[in-house]
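Summary of the model geometry
Read off the chains here:
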Amino acid sequence: MSDGHGPTPGTPSGWSAEQPPPYSAPPASPWTAPGAQPQQQVPYGQPYGDTPPHQRPDALGPQTPYPPHPPHPNYPHQQPPQGWGPHPAPGYGPHAPALRPGIIPLRPLGLGDILDGTIKLIRSNPKAVLGLSAVAALLAAVPLAIGQVFVLNSMSGMLSDPSSVSTAESELTTIYGVAGQYIGSIISYAIQFVVVTLLTGVLTRILGRAVFGGNITAGEAWQLVKGRVPALFGVVGLMAVIMLVPLIVFVGLIVALAANASSSDAGWIALVSILFVIVYLAYYLYFRTRFALASPAVVLEGRGPLDAMRRSWHLVSGDFWRCFGILLLTSLLVGLVASILTVPFTLAGTMFGMFGAGSAATTVVSAVLITIGATLGSMFTYPFEAGVSGLLYADRRMRSEAFDLVLQTAAVEQQRQGWVHASADELWHPSNSAGS
């Protein structure tokens, strides 16, 4: 018998005299619903077995094992299971993926998101995007192709029998060929100025709806954009002035210096010209990056030309080098792909024009091949550059104005309704962001 002051009979050596009561399941809660089965209890130390995963202590994922606890002075042989401990604080688990109702995730975008979103823009609405781009590219390619064919056709006689052509005839042919080439190029650039400006506005409006997962036809996009056409031409015209005025001034100075300089001055004139080309290239890239977001600001925010250019300058200021890198890489990629599409047809058309018999059939085939090559290259270039510019604009607003929260809220509401309403276009107005 024990008097309560010593170890009870049968207690192993080294155990404390004060032992806890045997473990048993707690009594059922008096609030258990009638007919409900009592929750199964897992005895201490027993494996979980068929316990549902969400009731296990490791339901939040693998935990860092805690070091073993020191023995309790009264219960040295009873330790909690290894790895048990407090769960991580809420909010440290894996993040949910960003909402993506359309062509991009509604969060700040990376380079891959912008390129992937541009491709998805083309694939989501190919009739409107590629159809309009093909028409614009064809209108700009025809005058250029005719000018090149005129040059090649005028040179066919010289290439077939150079000895039969007099010096005067060769000079006259060269003048006519060069004039035809320049006239075709000037007409082509004038057409590009018009159609590419209109195309950029329409594609930007299509992109604005595609971010929410909605599609819009070319006619609907034009109805929304036609009121912004004067502002778009204003932006393009101001950009042309900014880019061309320094070039025209320098060319005029060089021509004046070359006319009054001696032969010994040709070296330093050439050196000055090379330096100017380098400086002008940096000047061109700088201002092209600064005003790259002006067209999206005109179409999506309804701004005027000067206001849109100021808006673009402000958005790019926070991340100039990143914007510059994305735009430069896009130009390189687009140029590479366009060259792959254009070169085979242009080369074939050039061969037909140079080595053909100069017949009408050869001239037509040559013009058609050159036109096809130029159209294919531009049909890819126009929508890709417009898409990258529009998505870069959206990215800069999300990064600098928390605009992604506005887009997410609107996208959730539209998903709840089950369709994308035309009012989604109004969300791009600057009053819906922190930067308004």
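These notes cover the structure that comes with them.

**Quick notes on the packing of helix α5 (residues 229-260) against helix α8 (residues 305-317)**
- Axis separation between α5 and α8 bottoms out at 8 Å; the angle between their running directions is 65°. As judged from the angle between their axes, α5 and α8 are roughly perpendicular. Crossing geometry of α5 relative to α8 is assigned as right-handed. Counting all contacts with α5, which are made through A231, G234, V235, L238, M239 and I242, the residues of α8 involved are P305, L306, A308 and M309.
- Looking at the contact of α5 with α8 residue by residue, the classes come out as nine nonpolar, one polar and no charged.

**Observations concerning the packing of aromatic side chains**
- Evaluation of the coordinates by the stated rule reveals 18 aromatic pairs.
- Members of the aromatic cluster, connected to one another through ring pairs, are F250, F276, Y280, Y283, Y286, F287, F291, W313, F320, W321 and F324.
- When the ring centre of W313 is taken as origin, the NZ or CZ atom of R290, which lies over that ring, is 4.4 Å away.
- Cation over ring: R397 sits above F403, and NZ or CZ is 4.0 Å from the ring centre.

**Observations regarding the environment of S124**
- Relative to the elements of secondary structure, S124 occurs in helix α1 (residues 111-124).
- By relative accessible area, which is 32% here, S124 ends up partly exposed.
- For S124 and I103, which are 21 residues apart along the polypeptide, the C-alpha to C-alpha distance reads 8.2 Å.
- For S124, the residues in contact, after removing those within four places along its chain, are I103 and N215.
- A polar contact is formed between the side chain of S124 and the backbone oxygen of L121, at a distance of 3.0 Å.

**Comments concerning helix α7 (residues 294-301)**
- Burial of α7 is extensive: eight of the eight residues sit out of reach of the surface.
- Those residues of α7 that sit buried are A294, S295, P296, A297, V298, V299, L300 and E301.
- Phi turns positive, to about 75°, at G302, one or two residues after α7.

**Re the nonpolar core**
- I206 and W428 are the most contacted members of the largest nonpolar core, which totals 70 residues.
- No other element matches the nine residues that helix α10 (residues 360-401) contributes to this core.
- If we skip the residues at most four places from it in the chain, W428 touches G208, V211, F212, L300, E301, Y393, A394, R397 and F403.

**With respect to the pattern of salt bridges**
- Counting across every chain of the model gives 13 salt bridges.
- Of the charged contacts, one joins R322 and D395 as a salt bridge, the two residues approaching to 2.7 Å between their closest N and O atoms. With R322 in helix α9 (residues 320-355) and D395 in helix α10, the pair connects residues that are 73 residues apart, well separated along the chain.
- Each of the salt bridges in this network shares a partner with another, and the network as a whole consists of E301, R303, D307, R310, R311, R397 and E401.

Thresholds applied
Residues numbered from 1 in each chain as written. Predicted model: local features only at pLDDT ≥ 70, side-chain atom pairs only at ≥ 80, totals over all residues. Heavy atoms only, no water. Axes fitted to C-alpha atoms, helices over the stretch in contact; angles between N-to-C directions. Helix = DSSP H or I, 4+ residues; strand = E, 2+ residues; numbered from the N terminus. Parallel < 35°, antiparallel > 145°, perpendicular 65-115°, else oblique. Left-handed = near helix turned anticlockwise from the far one by under 90°. Contact = heavy atoms within 4.5 Å. Nonpolar A, V, L, I, M, F, W, Y, C, P; charged D, E, K, R; others polar. Phe/Tyr/Trp six-rings, centres within 6.5 Å; stacked < 30°, edge-to-face > 60°. Lys NZ or Arg CZ within 6 Å of the ring centre and 35° of its normal. Buried < 20%, exposed > 50% of the residue type's maximum accessible area, 1.4 Å probe, protein only. Polar contact = N/O pair within 3.5 Å; in protein donor to acceptor, adjacent residues only side chain to side chain. Core = buried A, V, L, I, M, F, W, Y, C linked by side-chain atoms within 4.5 Å. Salt bridge = Lys/Arg side-chain N within 4 Å of Asp/Glu carboxyl O.

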